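Residue strings, one per chain:
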Amino acid sequence: MTVIDGKQTAAEIRKEIAAEVKLMLGAGKRAPHLVAILVGNDGASESYVNHKIKDCEEVGFTSTLFRYPSDVTEGEILAKVREINKDDSIDGVIVQLPLPNHISEKNVTETIDPKKDVDGFHPINVGRMVLNLPAFISATPYGIILLLEKYGIETSGKHCVVIGRSNIVGRPISILMSRSAKVGNCTVTVCHSRTSNISDYTKEADILIAAIGKPGFVTAEMVKKGSVVIDVGVTRVDSSDTKSGYRLKGDVKYEEVAEKCSFITPVPGGVGPMTRLALLKNTLLSATNAIYN
Ligand code: GUN
């Protein structure tokens, strides 16, 4: 069994990105520039955004954070997004979700210029991904694809079972895994909260991707011997052993499943670091006009 080291893989790709930024600067171009918008004081959102800003600094990107109180109006956020859309010194913008209830995530997402939508949430990018056209792909699915590619895991002709149908993970990864692409060509089954007898499907999976946010949901008896198991779960559970007061738990019962499969991603240190990395990749793709030109 091989443990898929997302931390190491992300560090390697980050070095490649940093080297490319140096080349850009050497050629007289400006560094890629990511803007993040954060509304309110949710602890998890603050932590995610802080990581994104820190990641930018590490690879030499420029980053700007715009913070708003939780009672900011939707109009103010939309106006800021429109201003960013027009600003040629900015390559990518993300509005950290979730937003307070009085702000429509749909309106915000659809106001972002698809060419700067490095989160890959805009319907234009989702549609282009489905059509196998160049598109910004949302960070977690993109990170998973990069991991499968780095580890040389054969996907063609395999049965991939995805647990979860969220717009940002389950749905897009199910589409990517069935695409005609280097990492793809799978037969895909999507399981979700209304699937009956879920283990009937998971037991048949050559590649199992768990993205439901239920700690320890996938047990050894649910997986096929020799399968590849990708754990997207990152549920915070209280812990007195850590400084932060919580620890991250995956959707997979790691110890028992690891014994049975051929490849597995740990939590933490598997998909998580690759999700952070994918945002940097998308920002670089935007700065180099690799998706849209
Ligand atoms: N909230 C949780 N994940 C994400 C993400 O990838 N992007 C944004 N903008 N918000 C999030």
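Refer to the preceding data block for the structure.
The numbers attached to residues start from 1 for each chain and follow its sequence in the written order. With pLDDT at 70 or above as the cut-off, local features in this predicted model cover only qualifying residues; side-chain atom pairs require 80 or more to be listed or tallied, and sums for whole chains, interfaces and linings still use all residues. Excluded from the side-chain calculations are hydrogens and water; all other atoms, namely the structure's heavy atoms, are used.

## Describing the overall build of the protein chain
Applied cut-off: Counting from the N terminus, the helices are the DSSP runs of H or I reaching at least four residues and the strands are the DSSP runs of E reaching at least two. We compute the radius of gyration from the C-alpha atoms alone; for a globule the expected value is 2.2 Å times N to the 0.38, where N is the number of residues. To sort residues, take the accessible area from a 1.4 Å probe on protein chains only and compare it with the maximum for the residue type: under 20% means buried, over 50% means exposed, and anything in between is partly exposed. Charge assignment: positive for Lys and Arg, negative for Asp and Glu; neither His nor the chain ends contribute. Charge placement uses NZ in Lys and CZ in Arg. For Asp and Glu, CG and CD serve respectively.
Secondary structure summary: the protein chain contains 10 helices and 11 strands in total. Taken against the 2.2 N^0.38 rule, which gives 19 Å for 293 residues, the C-alpha radius of gyration of the protein chain at 19 Å falls within 12% of a compact globule. Overall, the C-alpha framework of the protein chain stretches about 50 × 40 × 35 Å when taken along its three principal axes. Each of the 293 residues in the protein chain was classed as buried or not, and the buried ones make up 49%. Separation of charge centres in the protein chain, based on 35 positive and 34 negative side chains, amounts to 2 Å.

## A word on the packing of aromatic side chains
Short version of the rule: Working definition: a ring pair exists when centres of Phe, Tyr or Trp rings (six-membered ring for Trp) sit within 6.5 Å. Plane angles under 30 degrees give stacked, over 60 give edge-to-face, the rest tilted.
Enumeration according to the criterion identifies 2 aromatic pairs in this entry. A ring pair is formed by Phe 136 and Tyr 292, whose centres lie 6.1 Å apart and whose planes are at 45 degrees; its orientation type is tilted. Within this pair, whereas Phe 136 is found in the loop between helix 5 (123–130) and helix 6 (139–150), its partner Tyr 292 is found in the segment after helix 10 (271–287), the two being separated by 156 residues in sequence. On the basis of relative accessible area, Tyr 292 is assigned to the buried category, the value being 14%.

## A closer look at the side chain of His 122
Note the threshold: Within 3.5 Å is the distance limit for a polar contact, defined as a pair of N or O atoms, with the added protein rule that one can donate a hydrogen and the other accept it, and that residues adjacent in sequence qualify only through two side-chain atoms. Every residue pair with non-hydrogen atoms within 4.5 Å of one another is taken to be in contact.
Mapping His 122 onto the fold places it in the loop between helix 4 (105–111) and helix 5. Of the polar contacts made by the side chain of His 122, one reaches the backbone oxygen of Glu 110; its length is 3.3 Å. In contact with His 122, not counting residues within four places along its chain, are Thr 109, Glu 110, Ile 112, Pro 114 and Asp 117.

## A short note on the packing of helix 1 (residues 6–26) against helix 10
Where we set the bar: Only the stretch in contact is used when fitting a helix axis, every axis being a line fitted to C-alpha atoms; angles between N-to-C directions are given from 0 to 180 degrees. For classification purposes, an angle smaller than 35 degrees is called roughly parallel, one larger than 145 roughly antiparallel, one from 65 to 115 roughly perpendicular, and anything else oblique. Each crossing gets its handedness from the near helix: less than a right angle anticlockwise from the far helix is left-handed, clockwise is right-handed.
At a minimum axis distance of 9 Å, the contact between helix 1 and helix 10 shows a crossing angle of 20 degrees. When the axes of helix 1 and helix 10 are compared, the pair comes out roughly parallel. Here the hand of the crossing between helix 1 and helix 10 comes out left-handed. On the side of helix 1, the interface is formed by Gly 6, Lys 7, Thr 9, Ala 10, Ile 13, Arg 14, Ile 17, Glu 20 and Met 24, while helix 10 contributes Pro 273, Met 274, Leu 277, Leu 280, Lys 281, Leu 284 and Ala 287.

## Looking at the sheet that holds strand 4 (residues 92–95)
Note: strands within a sheet are paired through backbone hydrogen bonds, in either parallel or antiparallel orientation. Applicable threshold: Only when DSSP finds a minimum of two bridges between them are two strands counted as paired.
Pairing within the open sheet is parallel, and its 3 strands lie in the order 3-2-4. Looking along the sheet, the strands with just one partner apiece sit at the ends: strand 3 (62–68) and strand 4. Neighbouring strand axes in the sheet, compared pairwise and without regard to direction, differ in orientation by 15 degrees on average. With 7 bridges connecting them, strand 2 (residues 33–39) and strand 3 associate as parallel partners. Following the sheet pairing, His 33 is matched in strand 3 by Thr 62.

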